[in-house]
Each structure stands twice: as structure tokens, then as C-alpha cells.
Amino acid sequence: CIGEVKAGVFLRDGLDYAGRVICVDVGIEHPEGVEKEYAFLSDGESVKALIPKRKRNTHKGVYGKAAIVGGSEKYAGAAFLAAKAALLSGVGYTALFVPNEILPACLLRLPEVLLRPLCDGGRVAMNGSVIEELNGYGGVAFGMGAECSKGTCDVAVALLENYTGV
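Residues numbered from 1 in each chain as written. Predicted model: local features only at pLDDT ≥ 70, side-chain atom pairs only at ≥ 80, totals over all residues. Heavy atoms only, no water.

Caption draft 1: Representation of the sheet that holds strand β3 (residues 114-117). On the basis of which strands lie adjacent, the open sheet formed by four strands has the order β3-β2-β1-β4 and parallel pairing. Here the strands that pair on one side only, and so sit at the sheet edges, are β3 and β4 (139-142). Each strand of the sheet is rotated relative to its neighbour by a mean of 20 degrees, with strand direction disregarded. Sheet analysis places strand β1 (residues 65-69) next to strand β2 (residues 93-98), joined by five bridges and oriented parallel. (Pairing = 2+ DSSP bridges. Helix = DSSP H or I, 4+ residues; strand = E, 2+ residues; numbered from the N terminus. Axes fitted to C-alpha atoms, helices over the stretch in contact; angles between N-to-C directions.)

Caption draft 2: Spotlight on helix α3 (residues 76-89). Along α3, the residues that are buried comprise Ala79, Phe80, Ala82, Ala83 and Ala86. Each buried residue of α3 sits inside an arc of 155 degrees when the element is viewed along its axis, so together they form one side. Along α3, the residues that are exposed and aim more than 90 degrees away from the buried face are Leu81 and Leu88. Packed against the buried residues of α3 are β1 and β2. The first or second residue beyond α3 is Gly90, which carries a positive phi of 115 degrees. (Buried < 20%, exposed > 50% of the residue type's maximum accessible area, 1.4 Å probe, protein only. Arc of directions from axis to C-beta. Contact = heavy atoms within 4.5 Å.)

Caption draft 3: Focus on the pattern of salt bridges. Counted by the stated rule, this structure contains three salt bridges. With a shortest N-O distance of 2.6 Å, Glu133 and Arg116 are connected by a salt bridge. Of the two residues, Glu133 sits in helix α5 (residues 128-134) while Arg116 sits in strand β3, which places them 17 residues apart along the sequence. Ionic pairing is found between Arg123 and Glu147, a salt bridge with its closest N-O pair at 3.0 Å. Here the residue Arg123 occupies a position in the loop between β3 and α5, and Glu147 occupies one in the loop between β4 and α6 (150-162), the gap between them amounting to 24 residues. (Salt bridge = Lys/Arg side-chain N within 4 Å of Asp/Glu carboxyl O.)

Caption draft 4: Spotlight on the environment of Asp120. By the element assignment, Asp120 lies in the loop between β3 and α5. Within the structure, Asp120 has its side chain in polar contact with the side chain of Asn100 (distance 2.7 Å). (Polar contact = N/O pair within 3.5 Å; in protein donor to acceptor, adjacent residues only side chain to side chain.)

Caption draft 5: Structural detail: the nonpolar core. Phe97, Leu118 and Leu134 are the most contacted members of the largest nonpolar core, which totals 15 residues. Within the residue set of this core, elements represented by two or more residues are β1, β2, α5 and α6. What Phe97 contacts, discounting residues up to four positions off in sequence, is Ala67, Ile68, Val69, Gly70, Arg116, Leu118, Val130, Glu133, Leu134 and Tyr137. With 13 residues, the next largest nonpolar core counts Ala83, Leu96, Val98 and Ile102 among its residues. (Core = buried A, V, L, I, M, F, W, Y, C linked by side-chain atoms within 4.5 Å.)

Caption draft 6: Structural detail: the pairing of β1. The buried fraction of β1 amounts to four of the five residues, a majority that puts the element mostly inside the structure. The parallel pair β1 and β2, bridged by α3, forms a crossover whose chirality is right-handed. Where β1 and β4 come together, four bridges link them in parallel fashion. By the bridge assignment, Ala66 is partnered in β4 with Gly139. (Right-handed = clockwise from strand over helix to strand, strands pointing away.)

Caption draft 7: Inspection of the packing of aromatic side chains at higher detail. In the structure shown here, the tally under the stated rule is two aromatic pairs. When the ring of Tyr93 is compared with that of Tyr137, the centres are 6.2 Å apart and the planes differ by 25 degrees; the resulting orientation is stacked. With Tyr93 in strand β2 and Tyr137 in the loop between α5 and β4, this residue pair connects regions lying 44 residues apart in the sequence. An angle of 85 degrees between the planes, with centres 5.9 Å apart, marks the rings of Phe97 and Tyr137 as edge-to-face. Taken together, the residues Phe97 in strand β2 and Tyr137 in the loop between α5 and β4 connect sequence positions 40 residues apart. An identical accessibility class is assigned to Phe97 and Tyr137; each is buried. (Phe/Tyr/Trp six-rings, centres within 6.5 Å; stacked < 30°, edge-to-face > 60°.)

Below is the structure:
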């Protein structure tokens, strides 16, 4: 790329066509008032620099609490993968709220994740006590693998209206 990396290189099929991407500065100046770095690429090292180093004399509760709400019989792995991602990102305490039908599929796969039954059946639905429990978490990720249904919509509305977080 001449001057700066072009967004199209990284969108849709751009990466497949571009191959190895390098940027060559040819001395083009940006007009006044235009921010030069409107976008940037992140790599493992730049992301790692954003995450605070853990102290040795701490416990998992110091590093936040995240709740993952989702899953369905059709897409049982989606919420599980989101819980794994939360752990890998550094969240200390992660809970996975999934429908009862898929709870057994998650058992012992991530022993460090707290498994919580969300509702009966194989699709996301909500009851009042779950909202109260979710309010004990600093962050809630919702919808991974939840499928499109009235129950999923009802849960989203309930979270938007009632989630206050810690």
C-alpha cells in the first residue's frame, strides 16, 4: 500500500487477494484536521500490551466476572467457545448460562467455567431469578448460538431493561 494501509485490503475478500501486506511511506502529507491514524492493525504483541500484567499475590476474583448467555441445541458450541475466549482474554471468573438441554455437553470441557442452567428446553429463555444473578457480573455477553426465536428476543429485551451489572 502506498502512503497508508487501505481498508479494502482487510475487508471481505481483500486478504485473499492481497497476500503479504506492507505499507510504504512516500511522503504524502494529510490535510490539516485529518487524523492520520484513523485505523490500525493489531497483532498479538499490541493486544498483549493492553492487558495489565497479573500480580502474583491475587486471585481470579480480582480480574473481573463475565457471564456468557447463549447456546441452543442447534448451536451448542457457540456459547462454549465464547466462554473459552473470555478466559483466554484474562477474565478471572467466567460463568456460562445455557439451556438445560445442552448443559451436559459443556460439563468438564472447561472445568474453570461455572456452568449455570438458564432455562428448560434447548433454546434460550429467561426467568426473573437469572436476571438477578446476572446483575452480579461486570459484563454479560449474549446471543452466541441462541438462534432466532421469540424467547431469544425476550431475553435480549429483559437484559437491556434490567441488567445493571456490578
